Amino acid sequence: MKYVIIGNSAAGIGAVEGIRQIDRQGEITVITDEAHHTYSRPLISYLLYGKVTEEKMKYRGDNFYSDNNVKLKKSVSVTKIDADKKHAVLSNGDNVPYDKLLVASGSSPFVPPFEGLDTVKEKVTFMSLDDARKLDEMITKKKDAKVLIIGAGLIGLKCAEGIIKRVSKITVVDLAPRILSSILDEEGAAIVQNHIEKQGLDFLLKGSVKKFDGNSAVLESGETIRFDILVLAVGVRPNTSLLKDIADIDRGIIVNGKSETSAKDIYAAGDCTQTLDVSSGQIKIMALLPNAYMQGECAGINMAVSQQAVSQQAVSEKTFDRAIPMNAIGFFDLHVITAGNYTGDVYQGAGNSGLVTKDQVSYKKLFYSDNKLNGYILIGDIEKAGIYTSLIRERTPLDSIDFSLVCEKPGLMAFTKEERMVKLGGRVS
Ligand SMILES: Cc1cc2nc3c(=O)[nH]c(=O)nc-3n(C[C@H](O)[C@H](O)[C@H](O)COP(=O)(O)OP(=O)(O)OC[C@H]3O[C@@H](n4cnc5c(N)ncnc54)[C@H](O)[C@@H]3O)c2cc1C
């Protein structure tokens, strides 16, 4: 049995571990165009900050590939999948045959075609370890650099946090009227923005770059911003092109709950796919590490199980059907956790009105309708957020718990005795 996995990150590693739960013998080849051992992508900003080393960023230990009997092909990309001949074509001209193939190719930074972008010498996107190394080199070389970041989303702000202590000025420009616009509401975004501004960052919201001219950005408003280094963090796009004309693709690769694509023996997982968000019932791209891992693991199990079924060994398939959008992030020691979607009635936390007290921030909003919790935003006090996440993921009927208690004080005591037993891993008698 030959398994081929394209991508050596969360989804690809999840797949290796999924396959090995079922099949210890099959041949696994992991192919990546990056030059590195598997690493945790969200940690690239912490590397610049100095909180982690490259060694500590490893997503799995040094012996991962040998322990799992995996052949790793680094620094080579898959240029084509030949679904008829069942092999992947590599940039070095080799063909790698497969029985089961997983596309775990993630996403790539989207760079809008800004006028004059080619005149900017020191520019970088912020998605990979190589990007982080490049930025590190730029800020080491240019002392007291002025940095312009385009994009006030998660990636742009994590980048800002990573370099703030090493540069003289950071300006963040975004078209949207608020920061983190895809995960925070207006009030929540204002709290986080206020906190970040106190660290010395400048925001130019509702701002749009008209053109670049060397080290200057001219905004639509006519304002000109001078900078030494430009970081492009506008957004990401799923890497779907390998399956063009082979499988169904929408905004991301379309997969079912078993991570199968519409093409025979080809699976897909992670940021390159679109999946069902159980909190809204909508199909979405949820570019999140835990989702990527779980979906990859599910794909791996199913790739192996489909083969085992042929050899008459009874093992079960797995479905990945509990995905929700979720973010657990920190900005300059302020914790933010959000999950689900923000529709329905709103419960506001008691501390919300005062926005930010001197040292403590506490902001809570819960969104619910039709007897279900749909989503939440927690800023500052994020304790027991897992209770809310589980209510959303499991679609727990709110009348089966003491919801008003859960709103105020999330805790197991708000659940019935039976539910508490299940959540604590016990059995219901
Ligand atoms: C700065 C930053 C901060 C983040 N913070 C968080 C966070 O706080 N929480 C969270 O949940 N998520 C966070 N994320 C997102 C998270 O990193 C991704 O959801 C996760 O890495 C997705 O894993 P993946 O395996 O699907 O894809 P990726 O991690 O994108 O890996 C895909 C791999 O496939 C390779 N590849 C693609 N095409 C080919 C090809 N043709 N041939 C060979 N190799 C190929 C790519 O180079 C890449 O190495 C963050 C991301 C960034 C950049």
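Counting restarts for each chain, with residues numbered from 1 along the sequence as it is written. Residues qualify for local features only when their pLDDT is at least 70, as the model is predicted, and side-chain atom pairs are given and counted only at 80 or more; totals for whole chains, interfaces and linings, by contrast, use all residues.

### Points about the overall build of the protein
Definition in use: In this text, helices come from DSSP runs of H or I with a minimum length of four residues, and strands from runs of E with a minimum of two, each type numbered from the N-terminal end. Radius of gyration means the value over C-alpha atoms here, while the globule rule gives 2.2 Å times the residue count to the 0.38 power. Around each residue's C-beta, the other C-beta atoms within 10 Å are counted; 20 or more make the residue buried, 12 or fewer make it exposed, and counts in between make it partly exposed. All C-beta atoms are placed from the backbone. Any residue pair is listed as a contact if its two C-beta atoms, each placed from the backbone, are within 7 Å.
When you go through the protein residue by residue, the secondary structure sums to 10 helices and 26 strands. Taken against the 2.2 N^0.38 rule, which gives 22 Å for 429 residues, the C-alpha radius of gyration of the protein at 23 Å falls within 12% of a compact globule. With respect to the principal axes defined by its C-alpha atoms, the protein has extents near 65 × 60 × 35 Å. Expressed as a percentage of the 429 residues in the protein, the buried residues total 40%. Long-range pairs, those at least 24 residues apart, make up 63% of the contacts in the protein with a sequence separation of at least 6.

### Re the sheet that holds strand 10 (residues 146-150)
Basically, it comes down to this: Two strands form a pair only when DSSP identifies at least two bridges running between them. Every angle, taken between N-to-C directions, lies between 0 and 180 degrees, and every axis is a line fitted to C-alpha atoms, over only the stretch in contact when it is a helix.
Reading across from one edge, 9-16-10-11-12 is the order of the five strands in this open sheet, with parallel pairing throughout. Each of the sheet's edge strands pairs with one partner strand only, and the pair in question is strand 9 (123-125) and strand 12 (201-205). In this sheet, neighbouring strand axes are inclined to one another by 20° on average, regardless of whether the strands run parallel or antiparallel. The sheet contact formed by strand 10 and strand 16 (residues 229-232) spans four bridges and is parallel. Bridge pairing in strand 16 places Leu148 opposite Leu230. Sheet strands touched by helix 4 (residues 129-141): strand 9 and strand 16. Its angle to strand 9, the strand with the most contacts, is close to 150°.

### Describing the pairing of strand 13 (residues 209-213)
One ladder, built from four bridges, connects strand 13 with strand 14 (residues 216-219); its direction is antiparallel. Looking across to strand 14, one finds that Val209 is bridged to Leu219.

### So, the confidence of the model for the protein
Our working rule: pLDDT measures the predictor's confidence residue by residue and takes values from 0 up to 100.
On average, the protein scores 92 in pLDDT, and the residues at 70 or more come to 93%. Confidence drops under a pLDDT of 50 for residues 353-358, and excluding neighbours within four residues, the segment shows five contacts in the predicted structure.

### Some thoughts on the domain arrangement of the protein
Quick note on the threshold: For every domain, the bounds stem from an assignment made automatically or drawn from a database.
Once the domains are mapped, the protein shows domain 1 (2-108 + 238-310), domain 2 (117-232) and domain 3 (333-423). Placing a centre on the C-alpha atoms of domain 1 and another on those of domain 2 gives a separation of 31 Å. Contact with domain 1, which involves nine residues of that partner, is made by 11 residues of domain 2.

### Looking at the nonpolar core
Put simply, the rule reads: Each nonpolar core comprises buried Ala, Val, Leu, Ile, Met, Phe, Trp, Tyr and Cys residues, the members being joined through C-beta atoms within 7 Å.
Among the nonpolar cores identified, the biggest contains 113 residues, and Ile5, Leu102, Val103, Ile149, Val192 and Val231 are the most heavily contacted of them. Looking at which element gives the most residues to this core, the answer is helix 7 (residues 289-310), with nine residues. Those residues in contact with Leu102 that sit more than four places away from it in its chain are Ile5, Ile6, Ala15, Tyr267, Ala268, Ala269, Ala299 and Met303.

### Here we look at the site of the ligand
Rule in force here: Placing the C-beta atom from the backbone, one calls a residue near a molecule or strand if that atom lies within 6 Å of it. Under the scheme applied, nonpolar residues are Ala, Val, Leu, Ile, Met, Phe, Trp, Tyr, Cys and Pro; charged residues are Asp, Glu, Lys and Arg; polar residues are all the others, including Gly.
In the vicinity of the ligand, 36 residues are found, and the nearest of them are Gly7, Ser9, Pro42, Gly106 and Gly270. Across the shell around the ligand, the residue classes break down as 19 nonpolar, 12 polar and five charged.

### Thoughts on unusual backbone geometry
Within the chain, Ser259 stands out as a residue other than glycine whose phi angle is a positive 70°. Mapped onto the elements, Ser259 comes out in the loop between strand 18 (253-254) and strand 19 (266-268). The class of Ser259 is buried, set by 33 C-beta atoms lying within 10 Å.

### Things to note about helix 5 (residues 154-163)
Helix 5 sits mainly inside the fold: 10 of its 10 residues count as buried. Buried residues of helix 5: Leu154, Ile155, Gly156, Leu157, Lys158, Cys159, Ala160, Glu161, Gly162 and Ile163, and no others.

### Section: the sheet that holds strand 3 (residues 70-73)
Across the sheet, which stays open at both edges, the five strands sit in the order 3-2-1-7-19 with parallel pairing between neighbours. Where the open sheet ends on each side, the last strands, each with one partner, are strand 3 and strand 19. On average, adjacent strands in this sheet sit at an angle of 20° to one another, irrespective of strand direction. Of the strand pairs in this sheet, strand 1 (residues 2-6) and strand 2 (residues 27-31) are connected by five bridges, and their pairing is parallel.

### As for the pairing of strand 11 (residues 169-174)
To keep it simple, the criterion reads: For crossovers, right-handed means that the path from the first strand over the helix to the second runs clockwise, given strands pointing away from the viewer.
Pairing geometry for strand 10 and strand 11, over five bridges, is parallel. Paired with Val147 across the two strands is Ile170, which belongs to strand 11. As defined by bridge partners, strand 11 adjoins strand 12 across five bridges and the pair is classed as parallel. Looking at the pairing, Val172 lines up with Phe203 of strand 12. Assessed by its sense of winding, the connection that carries the chain from strand 11 through helix 6 (residues 186-197) to strand 12 is right-handed.

### Details of helix 4
Note the following rule: Expected helix span is taken as 1.5 Å per residue step, with the number of steps being one fewer than the number of residues. Starting at the helix axis, one direction is taken to each C-beta atom, and the arc is that of these directions.
Its 13 residues place the ends of helix 4 18 Å apart at the C-alpha level, agreeing with the 18 Å of an ideal helix rising 1.5 Å per residue. Listing the buried residues of helix 4 in full gives Ala132, Leu135 and Met138. Across the axial projection of helix 4, the buried residues extend over an arc of 125°, all falling on one side. The exposed residues of helix 4 that point more than 90 degrees off its buried face are Glu137, Thr140 and Lys141.

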